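# Descriptive analysis of the structure
Each chain, letter by letter, is given below.
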Amino acid sequence: MSRLLEGKNALVLGVANKWSLAYAIAEAFHREGARLFLTYQGERQKATVEELAAALQARIFGCDVTSDEDIARLGAELNAAAGCLDAVVHSIAFANREDLARPFVETSRAGFLLAHDVSAYSLVALARMAAPLMRSGGSITTLTYLGSIRVVSNYNVMGVAKASLEAAVRYLAADLGPRGIRVNAISAGPIKTASARAVPGFSTMLEVMPQRAPLRRNVDPAEVADVAVFLASELSRGVTGNVVFADAGFHILGL
Ligand code: 1JT
């Protein structure tokens, strides 16, 4: 069986630990023959990401996506190490815990800007850095959640940041399409990652899925990762500006 990402250079941002969706995606990319470049944020994560990267024969680079300087340095490091890039996976989001726990109407200006900077603007900045490295076209994929288009309890400012992220996917797809660069999002169902655990009421979401979702179950990181493989591969060469739901069908429900 030929592998779907054989010989492709892929940058994956957002690996924090082995439960990260970004890590499941990196594992699937490795399985499919990609050469991997992972980023970590800050010295605290370095050792963890270093260890995870070793298993995937991946190179690692430090990058805080709120820093233009860090993104420029990452671009230069990738150019030196790989010369060109075929795929980018953006699996990064942040909001203050208080902003998730409080009603959306209470969101502070600083909390709103931080959530949007880390979770949405970072995709724009990374796309601008990556595009010149995607010399023979490429694929950029980000991760989103249903809270962008529906009101989900406790998601609050993150839902608004994800709405911005999904709109950015469409505008980036239009800008970069003429250069053969596709931009898409995966809307994952609830999955128990470290980020998710930090959110009040998250367990309820996991319990509702087996009762209500069309497939009557939760999704796992490997299923999200396989959609990411598809979006980075030639199988999706005609797909751009899209949001693909990997959520056991939950998003279709009215009720
Ligand atoms: C962040 C967090 C972004 C949790 C996230 C996220 N995108 C999805 N999740 C999981 C989730 C969270 C809630 C939810 C459903 C899924 C936490 C840190 C900031 C970034 O609704 C109950 C709240």
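Here's what I pulled together on the structure shown here. (Residues numbered from 1 in each chain as written. Predicted model: local features only at pLDDT ≥ 70, side-chain atom pairs only at ≥ 80, totals over all residues. Heavy atoms only, no water.)

### What about empty space enclosed by the protein?
Heads up, the rule is: Think of a 1 Å grid over just the protein atoms. A cavity is a set of points where a 1.4 Å probe fits yet cannot get out, a pocket is an open set with protein on both sides within 12 Å along at least five of seven lines, and lining residues have an atom within 4 Å of a point. Grid points are joined across faces, edges and corners, and a volume is the space filled by probe spheres set on the points. Amino acids are sorted into nonpolar (Ala, Val, Leu, Ile, Met, Phe, Trp, Tyr, Cys and Pro), charged (Asp, Glu, Lys and Arg) and polar (every other residue, Gly among them).
Under the defined criterion, the tally for this structure stands at one cavity of 30 Å³ or more. Roughly 60 Å³ of internal volume is contained in the largest cavity. The wall of the largest cavity is formed by Tyr145, Leu146, Ser187, Ala188, Gly189, Pro190, Met205, Met209, Phe245, Asp247 and Phe250. Split into classes, the residues belonging to the lining of the largest cavity amount to eight nonpolar, two polar and one charged.

### Some thoughts on the site of the ligand
This is how it is decided: A single heavy atom is enough: if one lies within 4 Å of a molecule or strand, its residue is considered near that molecule or strand. By the criterion applied in these results, polar contacts are pairs of N or O atoms within 3.5 Å in which, for protein atoms, one can donate a hydrogen and the other can accept it, and in which residues neighboring in sequence qualify only through two side-chain atoms. Only the protein chains shown count as cover for residues, with accessible areas throughout obtained via the Shrake-Rupley method and a probe of 1.4 Å. Criterion for pocket placement: a molecule counts as inside a cavity or pocket if more than half of its atoms are within 2 Å of its grid points.
Neighbouring the ligand are 15 residues, the closest being Ala95, Ser153, Tyr155, Ser195 and Val199. A distance of 2.8 Å is found between a nitrogen atom of the ligand and a side-chain nitrogen or oxygen belonging to tyrosine 155. Burial of the ligand by the surrounding chains reaches 90%, relative to a free accessible area of 500 Å². Applying the majority rule of atoms within 2 Å of the grid points places the ligand in the largest pocket.

### What to know about the pairing of strand β1 (residues 9–13)
Selection criterion: The cut-offs for exposure are 20% and 50% of the maximum accessible area for each residue type, with area from a 1.4 Å probe on protein chains only; residues under the lower value are buried, those over the upper are exposed, and the others partly exposed. Only DSSP runs of H or I reaching four residues or more are called helices, and only runs of E reaching two or more are called strands; each is numbered from the N terminus. Two strands make a pair as long as DSSP finds a minimum of two bridges between them. Call a crossover right-handed when, viewed with both strands pointing away from you, the route from the first strand across the helix to the second goes clockwise.
Taken across its five residues, β1 has five buried, putting it largely inside the fold. On β1, burial covers both faces: Asn9, Leu11 and Leu13 on one face and Ala10 and Val12 on the other are all buried. In the sheet, β1 pairs with strand β2 (residues 35–40) via five bridges, with the strands oriented parallel. Looking at β2, one finds that alanine 10 is bridged to leucine 36. The parallel pair β1 and β2 is bridged by helix α1 (residues 21–31), and the resulting crossover is right-handed. Relative to strand β4 (residues 87–90), β1 runs parallel, the two sharing four bridges. Counterpart to valine 12 in the pairing with β4 is valine 89.

### A look at unusual backbone geometry
At glutamine 57, a position not held by glycine, the phi torsion is positive, near 50°. A relative accessible area of 64% means that glutamine 57 is categorised as exposed.

### So, the nonpolar core
Heads up, the condition is: Joining through side-chain atoms within 4.5 Å is the link that ties buried Ala, Val, Leu, Ile, Met, Phe, Trp, Tyr and Cys residues into a set, and such a set is a nonpolar core. Contacts are residue-level and defined by heavy atoms, with any inter-residue pair within 4.5 Å sufficient.
Core analysis: the biggest nonpolar cluster contains 40 residues, and Val12, Val15, Phe29, Leu36, Leu38 and Ile186 have the highest contact counts within it. Among the secondary structure elements, those contributing two or more residues to this core are β1, α1, β2, α2 (43–55), β4, β6 (181–188) and α9 (221–232). When residues in this core are grouped by element, the largest group, eight residues, is from α1. Once you skip the residues sitting within four places of it in the chain, leucine 38 turns out to touch Val12, Val15, Ala26, Val49, Ala53, Ala58, Arg59, Ile60 and Phe61.

### Thoughts on the sheet that holds strand β3 (residues 59–62)
We apply this condition: Between the N-to-C directions of two axes lies an angle of 0 to 180 degrees, each axis being a line fitted to C-alpha atoms and, for a helix, fitted only over the stretch in contact.
Read from one edge to the other, the open sheet built from seven strands follows the order β3-β2-β1-β4-β5-β6-β7, with strand pairing classed as parallel. Lying at the two open borders of the sheet, with one neighbouring strand each, are β3 and β7 (243–246). Strand-to-strand twist of the sheet, defined as the mean angle between neighbouring strand axes without regard to direction, takes the value 20°. Contacting β4, β5 (138–144), β6 and β7, α9 crosses the sheet at an angle of about 165° to β6.

### Let's talk about the pattern of salt bridges
Oppositely charged side chains may form a pair once their charged atoms are brought near each other. Here is the rule we go by: Just to be clear on terms, a salt bridge is a Lys or Arg side-chain nitrogen sitting within 4 Å of an Asp or Glu carboxyl oxygen.
As enumerated under the stated definition, the model contains seven salt bridges in all. For arginine 31, the salt bridge identified is with glutamate 32, shortest N-O distance 3.0 Å. Two residues, arginine 31 and aspartate 226, come together in a salt bridge whose shortest N-O distance is 2.9 Å. Here arginine 31 is found in helix α1, whereas its partner aspartate 226 is found in helix α9, with 195 residues between them in sequence. Relative accessible area serves as the criterion here: at 44%, arginine 31 is assigned to the partly exposed category.

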